[in-house]
Amino acid sequence: MLTHIGTNAIETERLILRRFEYTDDDAMLKYWVADEKIQSLYSEPVYSTKEAVKGLLDKYIGSYEKKDYYRWAVTTKKSGECIGQIAYFLVDSKNHFAEIEYCIGSYFQCRGFATEAAKAVIAYGFDKINLHKVQICTKTINEPSKRVIEKCGFTYEGTLRDFFYMNGEYVGRLYFSMLRNEFECRR
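Since this is a predicted model, take the numbers as computed values, not measurements.

## Let's talk about helix 3 (residues 50-63)
Okay, so step 1: Here helix 3 is 14 residues long and its end C-alpha atoms lie 20 Å apart, about the 20 Å a rise of 1.5 Å per residue gives.
Okay, so step 2: Three or more residues of helix 3 are buried, namely Val53, Leu56, Leu57, Tyr60 and Ser63. Here the buried residues of helix 3 occupy an arc of 135 degrees about the axis, which is enough to place them on one side.
Okay, so step 3: Buried residues along helix 3 sit against helix 1 (25-31) and strand 3 (70-76).

Okay, here's the thing in structure tokens:
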């Protein structure tokens, strides 16, 4: 049985993962939500105005009242700015699994921030929520995300071929997972 505790702060070596705040809007616009490349790899719309970002924040912040809602602002300890987000966007309480999604602003990519955040959220899922399985997927063209998934130790499960139609081309969707016993063996 899952223990739903909601989105609580997580501290890592370089990051604080916390609930979103309305004051995150400027950093979100600066680093990721207005970036078409980031948002398309993440399958999300581009938010180019403060009003649009406020609407997104209304959705995020309004959902924190639900105990089975898990979405963190990824902030650096150094600046305190929101450089991305990570979430269990799909939580299946009946079958005891959840799926992670994340995005990090392009300026902060390839520096280990996504891996650091993902490892912390994976541990949160197994240790605090009592998940049996954590899954993650990425587009076949998203090389940085594939590296994060590999560094976290996920097992490849399969590819949904031609899942997305982007910019006149079909792109596959790769699925990976980690079971509780695999997580515990990696500790």
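## Some details on the nonpolar core
Soluble globular proteins: nonpolar side chains tend toward being buried together.
Okay, so step 1: Core analysis: the largest hydrophobic core is formed by 55 residues, its most contacted members being Leu17, Ile86 and Tyr88.
Okay, so step 2: When residues of this core are assigned to their parent elements, the largest contribution, 10 residues, is made by helix 4 (residues 113-129).
Okay, so step 3: When sequence neighbours within four positions are dropped, the list of residues in contact with Ile86 reads Leu17, Tyr70, Arg71, Trp72, Val74, Ile100, Glu101, Tyr102, Ala117, Ala118 and Val121.

## Here we look at the environment of Glu65
Okay, so step 1: Within the fold, Glu65 resides in the loop between helix 3 and strand 3.
Okay, so step 2: Sequence spacing of Glu65 and Glu44 is 21 residues, and the spatial spacing of their C-alpha atoms is 23 Å.

## Here's the deal with the side chain of Gln85
Okay, so step 1: As for its placement among the helices and strands, Gln85 is situated in strand 4 (residues 82-92).
Okay, so step 2: Beyond its immediate sequence surroundings of up to four residues, Gln85 is in contact with Phe20, Trp32, Tyr42, Arg71, Trp72, Val74, Glu101, Tyr102 and Cys103.

Thresholds, definitions, all that
Residues numbered from 1 in each chain as written. Predicted model: local features only at pLDDT ≥ 70, side-chain atom pairs only at ≥ 80, totals over all residues. Heavy atoms only, no water. Helix = DSSP H or I, 4+ residues; strand = E, 2+ residues; numbered from the N terminus. Expected span 1.5 Å × (residues − 1). Buried < 20%, exposed > 50% of the residue type's maximum accessible area, 1.4 Å probe, protein only. Arc of directions from axis to C-beta. Contact = heavy atoms within 4.5 Å. Core = buried A, V, L, I, M, F, W, Y, C linked by side-chain atoms within 4.5 Å.

Purely geometric stuff here, so don't read any function into it on its own.
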